[in-house]
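Each chain, written out:
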Amino acid sequence: MNVGVLALQGDFREHLLALGECGVSGKLVKTAAEIAQVDALVIPGGESTTIYKLAKAFDLFELISKRIADGMPTYGSCAGMILVSKSIVDPASGQETFGGIDMQVRRNAFGRQTESFEVDLDFKGITGKQFRGVFIRAPWVESYGAGVEVLASVEIAGGTHPVAVSSGKVLATAFHPELTGDNRVHRFFIEELCKK
Ligand code: GLN
C-alpha cells in the first residue's frame, strides 16, 4: 500500500516517520502525478490556510478533493482536520476545504489561554492506555452529520467537543499523534480505514 503524506507545509516528516514505524512505506507527495498514484493520504498539521493556498497555487485542490470524494482513505491531523471538514466556522478570507467529513470545525477553538496543551484521551477503537493528545492551536468539531463517528472528545469549560472523528474512509484528529512517539492512531488509520 502506497500512503502519501501531503508535503506542502507542516509536520509531514513526523507523519512519514510514524507511518514507517507502523511498517508502511509512506511517501512525501506534492505534485499532481504523485498524488494521483497514492492509495491513501495523510494531511499533516501546520497551517490550514497555507496548505489551502499552496494546494490551489499548485493545481492540487480539485484533485485532492476529488480523490477524497472518490473514497481514498485520508487522515488529517489538526490543520489536516480543518482541511477534510465540510466547512469552517471562522474561515480565513477565501479559505476552502477539501471536504471528506460532514462536519463543521472551529479553527483555534481552544483559544489563547489554552492554545497549546496536552490531555489523556479515551480513543474509541484504540486499546490499552489512554492516548496522549497534543493540541497546538487546535480546532474542534463544532457540529457534525449523521454518518460521523466521534472517536474522542475533550471536556472544557462545561462543554464536550469532539476532537477525533471518522466517516467512511476519512479520519481526523484535532491533536498531533505524530509528535508523541505513540503510533496507535496511525496504526488505527492503516488497519481500520486503509485495509478494510
Ligand atoms: N491553527 C492551525 C490552522 O488553522 C492549525 C494548527 C496546527 O495544525 N497545529 O490551520
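In case you missed it, the structure is sitting above this.
Residues numbered from 1 in each chain as written. Predicted model: local features only at pLDDT ≥ 70, side-chain atom pairs only at ≥ 80, totals over all residues. Heavy atoms only, no water.

Asker: What is the right way to read the pairing of strand S3 (residues 40-43) from this model?
Answerer: Regular strands show a simple pattern: their side chains alternate between the two faces of the sheet. Of the two faces of S3, both are covered, the one formed by Ala40 and Val42 as well as the one formed by Leu41 and Ile43. Across three bridges, strand S1 (residues 3-6) lies against S3 in parallel orientation. Bridge pairing in S3 places valine 3 opposite alanine 40. Here S3 pairs with strand S4 (residues 74-77) via three bridges, running parallel. Pairing of valine 42 across the sheet is with tyrosine 75, part of S4. (Buried < 20%, exposed > 50% of the residue type's maximum accessible area, 1.4 Å probe, protein only. Helix = DSSP H or I, 4+ residues; strand = E, 2+ residues; numbered from the N terminus. Pairing = 2+ DSSP bridges.)

Asker: So what exactly am I meant to see when it comes to unusual backbone geometry here?
Answerer: Among all residues save glycine, negative phi is the norm, and among peptide bonds the norm is trans. With a phi angle near 50 degrees, asparagine 108 is a residue other than glycine that sits in the positive phi range. Along the chain, the position of asparagine 108 falls in the loop between strand S6 (101-106) and strand S7 (116-121). Its identity is not glycine, yet arginine 137 carries a phi of approximately 45 degrees, on the positive side. Mapped onto the fold, arginine 137 is located in the loop between strand S8 (131-136) and strand S9 (140-144).

Asker: For this particular structure, what's the right way to read the sheet that holds strand S2 (residues 26-29)?
Answerer: Note: strands within a sheet are paired through backbone hydrogen bonds, in either parallel or antiparallel orientation. The strand order across the open sheet formed by seven strands is S2-S1-S3-S4-S12-S11-S10, and the pairing between neighbours is mixed. The open sheet terminates on both sides in strands that have one partner only, identified here as S2 and strand S10 (149-156). Taken pair by pair, the neighbouring strands of this sheet meet at an average axis angle of 20 degrees, ignoring direction. Examined bridge by bridge, strand S11 (residues 159-167) and strand S12 (residues 170-173) share four bridges and lie antiparallel to one another. By the bridge assignment, serine 166 is partnered in S12 with leucine 171. (Axes fitted to C-alpha atoms, helices over the stretch in contact; angles between N-to-C directions.)

Asker: Please clarify how the site of the ligand should be interpreted in this entry.
Answerer: The environment of the ligand is formed by Gly45, Gly46, Glu47, Ser48, Cys78, Ala79, Ile82, Arg107, Asn108, Ile136, Arg137 and His176. Within the backbone of glycine 46, a nitrogen or oxygen atom sits 2.9 Å from an oxygen atom of the ligand. Contacts to the ligand include arginine 137, whose backbone N or O atom sits 2.9 Å from a nitrogen atom. Within the shell around the ligand, the residues separate by chemical class into four nonpolar, five polar and three charged. (Near = heavy atom within 4 Å. Polar contact = N/O pair within 3.5 Å; in protein donor to acceptor, adjacent residues only side chain to side chain. Nonpolar A, V, L, I, M, F, W, Y, C, P; charged D, E, K, R; others polar.)

Asker: Before we go on, may I ask you to explain the side chain of histidine 15 in this structure?
Answerer: Within the secondary structure, histidine 15 is located in helix H1 (residues 12-21). A distance of 2.9 Å separates a polar atom in the side chain of histidine 15 from a polar atom in the side chain of histidine 186. Every residue in contact with histidine 15, bar those within four places of it in the chain, is listed here: Val5, Val42, Pro44, Gly45, Tyr75, Ser77, Glu178 and His186. (Contact = heavy atoms within 4.5 Å.)

Asker: Is there a simple way to explain the side chain of threonine 97 in this structure?
Answerer: Within the element layout of this structure, threonine 97 appears in the loop between strand S5 (85-88) and S6. Here threonine 97 falls in the buried class, since its relative accessible area comes to 14%. Only 2.7 Å separates the side chain of threonine 97 from the backbone oxygen of serine 85, close enough to count as a polar contact. Within the local environment of threonine 97, its side chain forms a polar contact with the backbone oxygen of lysine 86, the two atoms lying 3.4 Å apart.

Asker: Even after reading the chapter, I still don't get the packing of H1 against helix H6 (residues 184-194), so can you show me in this structure?
Answerer: Angle between the axes and distance between the axes: these two values describe a pair of packed helices. At a minimum axis distance of 9 Å, the contact between H1 and H6 shows a crossing angle of 65 degrees. In terms of orientation, H1 lies roughly perpendicular with respect to H6. Crossing geometry of H1 relative to H6 is assigned as right-handed. Counted together, His15, Ala18, Leu19 and Glu21 of H1 and His186, Arg187 and Ile190 of H6 form the full contact between these two elements. (Parallel < 35°, antiparallel > 145°, perpendicular 65-115°, else oblique. Left-handed = near helix turned anticlockwise from the far one by under 90°.)

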